[in-house]
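Letter by letter, the chains look like this.
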Amino acid sequence: AGNYGLSRLNLKKGEFIFTTFTGLDVRSVVVFEGYLYAATEAGIYRIAENASNPENFGNWEFLGAAQGFPASYSATAMVLYKGQLYLDINQAIYRLEGGKPVFFFQKTGYALKFLSAEGPHLLAGYRCASSGCANGTVLYFTPAGLGGEVDGSCCGQPNYALEDSQGRVWFGDNFRGFRYLDNIGNSRCNLLTFDSPYSSSNRELVVSQKQLWAAAGGVNQTFSYLFLDHGFSSYIDGQWTIYNRDTRQELKGENPND
């Protein structure tokens, strides 16, 4: 799934079987009961898995009012869990039953970022979408409904999370480091850190006296400044050192609590 549409890739051969250009941002794709489903900013579309021409987006069926969906909506995430298809409609999670969506859960004030079901639980990741919260959260479910919320110390601004075969829950997050819980109900967050630059958004590199210095920053596609607070880094004698508001009190400025 991508902002161009979707592609089907044969991993063994390293070949693309087909690519469909949709003109829509496709956010998630699943195969379920003989159909390919695509969640897009303009709703969910599907086509038979064995269709002869999936490249033509005109052959895809929009799931709208005739199928029990809203006439107009957006969809972000879809996943197969316990043999059933879970999807979102306008940030609310539904389960497809008899071809129609049945309401499952909604978290007010938060925007759904992802659904995952690699382990025994269904995980739903949320980002804050209101002024009353700062960080996101990850909830876990059983087929009967909400099971609980994972420990907040492991989850800041989640991009993805998965539960592995050993019961550990791993988090892909905007915050630095790799985080995981030993199990879904654990309250002790394990943090893996690596000797590396603070940011991948580096604007300039300088080498002097066998020292490497990197300054974060840059511009976007329209050459507007990014105004990052990532600071700068040095690589000296095989060790990275980070200089920014998070690591140096003297760089916090006049309002250190902002």
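Since the model is a prediction, treat every value here as computed from it, not as a measurement. (Residues numbered from 1 in each chain as written. Predicted model: local features only at pLDDT ≥ 70, side-chain atom pairs only at ≥ 80, totals over all residues. Heavy atoms only, no water.)

Visitor: For the state of the cysteines, give the residues involved together with the corresponding values.
Guide: With the rule as written, the count across this model stands at one disulfide. In this model C154 forms its disulfide with C189; the gap between the sulfur atoms is 1.9 Å. On the S-S bond that ties C154 to C189, the torsion sits near 90°, and the link is right-handed. With C154 in the loop between strand 14 (145–149) and strand 15 (158–163) and C189 in strand 18 (residues 189–192), this residue pair connects regions lying 35 residues apart in the sequence. Since its relative accessible area comes to 0%, C154 is described here as buried. (Disulfide = S-S within 2.5 Å. Helix = DSSP H or I, 4+ residues; strand = E, 2+ residues; numbered from the N terminus. Buried < 20%, exposed > 50% of the residue type's maximum accessible area, 1.4 Å probe, protein only.)

Visitor: Run through the sheet that holds strand 5 (residues 43–48), naming residues and quoting values.
Guide: Sheet strands pair via backbone hydrogen bonds, and the direction of the pair is either parallel or antiparallel. Across the sheet, four strands lie side by side as 3-4-5-6; this open sheet has antiparallel pairing. The sheet terminates laterally at strand 3 (26–32) and strand 6 (61–62), the two strands that pair on one side only. Where strand 3 and strand 4 (residues 35–40) come together, six bridges link them in antiparallel fashion. Residue pairing in the sheet places V29 in a bridge with A38 of strand 4. (Pairing = 2+ DSSP bridges.)

Visitor: Could you give an account of the pairing of strand 15, naming the residues involved and the relevant values?
Guide: By the bridge criterion, five bridges tie strand 15 to strand 16 (residues 169–173) in an arrangement that is antiparallel. The residue bridging A161 from the neighbouring strand is F171, located in strand 16. The antiparallel pairing of strand 15 with strand 16 creates a hairpin that spans five residues between the two strands, and G167 there sits at a positive phi of about 90°.

Visitor: Describe the sheet that holds strand 20 (residues 211–216), naming the residues involved and giving the relevant values.
Guide: Read across the sheet, four strands follow the order 19-20-21-22 without closing on themselves; strand pairing throughout is antiparallel. The sheet is open, and its two borders are formed by strand 19 (202–208) and strand 22 (239–243), each paired with just one other strand. Averaged over all pairs of adjacent strands, the angle between their axes in this sheet comes to 20°, without regard to strand direction. Sheet analysis places strand 21 (residues 232–236) next to strand 22, joined by five bridges and oriented antiparallel. Paired with I236 across the two strands is Q239, which belongs to strand 22. (Axes fitted to C-alpha atoms, helices over the stretch in contact; angles between N-to-C directions.)

Visitor: Summarise the packing of aromatic side chains; cite the residues concerned and give the values.
Guide: Tallying each qualifying case throughout the model produces 21 aromatic pairs. Relative to F104, the ring of Y86 has its centre 5.2 Å away and its plane inclined at 75°; by these criteria the two rings are edge-to-face. Taken together, the positions of Y86 in strand 8 (residues 84–89) and F104 in strand 10 (residues 100–105) put the pair 18 residues apart, joining distant regions of the chain. Neither residue differs from the other here; Y86 and F104 are each classed as buried. Among the aromatic side chains, those forming a connected cluster through ring pairs are Y45, F57, W60, F62, F69 and Y73. Between R46 and the ring centre of Y35, over which it is positioned, the NZ or CZ distance is 4.1 Å. Directly above the aromatic system of Y110 lies the positively charged group of K107, at a separation of 4.8 Å from the ring centroid. (Phe/Tyr/Trp six-rings, centres within 6.5 Å; stacked < 30°, edge-to-face > 60°. Lys NZ or Arg CZ within 6 Å of the ring centre and 35° of its normal.)

Visitor: If you had to explain a nonpolar patch on the surface to someone new, which residues and values would you point to?
Guide: Nonpolar side chains collect at one region of the surface, where L9, L11 and F16 lie side by side and expose about 370 Å² of accessible area between them. Following the sequence through the fold, F16 ends up in strand 2 (residues 15–21). The class of F16 is exposed, set by a relative accessible area of 57%. (Patch = residues over 30% accessible without salt bridge, like charges linked within 9 Å, V, L, I, M, F, W, Y side chains within 5 Å. Areas by Shrake-Rupley, 256 points an atom, 1.4 Å probe, with all protein chains shown as cover. Salt bridge = Lys/Arg side-chain N within 4 Å of Asp/Glu carboxyl O.)

Visitor: With reference to specific residues and values, describe the nonpolar core.
Guide: The biggest cluster of nonpolar side chains holds 16 residues, and the ones touching the most others in it are Y37, I44, F69, M78, L85 and L87. Secondary structure elements with two or more residues in this core: strand 3, strand 4, strand 8 and strand 9 (92–97). For L87, the contacting residues outside a window of four places in its chain are I44, F69, A77, M78, A92, I93, Y94, L96 and L115. Core analysis: the next-biggest nonpolar cluster, separate from the first, contains 15 residues, V79, Y86, L112 and A117 among them. (Core = buried A, V, L, I, M, F, W, Y, C linked by side-chain atoms within 4.5 Å. Contact = heavy atoms within 4.5 Å.)

Visitor: I'd like to hear about the side chain of S233, residue by residue, with values.
Guide: Mapped onto the fold, S233 is located in strand 21. Those residues within four positions of S233 in sequence are excluded, and the remaining contacts are P197, Y198, L212, W213, A214, W240, T241, I242 and Y243.

Visitor: Describe the pattern of salt bridges, with residues and values.
Guide: A side chain of one charge can pair with a side chain of the opposite charge if their charged atoms are brought near each other. One pass over the full model with this rule turns up five salt bridges. Where R168 meets D164, a salt bridge forms, and the shortest distance between an N and an O atom there is 2.8 Å. Overall, the relative accessible area of 24% leaves R168 in the partly exposed class. For D164, a relative accessible area of 16% puts it in the buried group.

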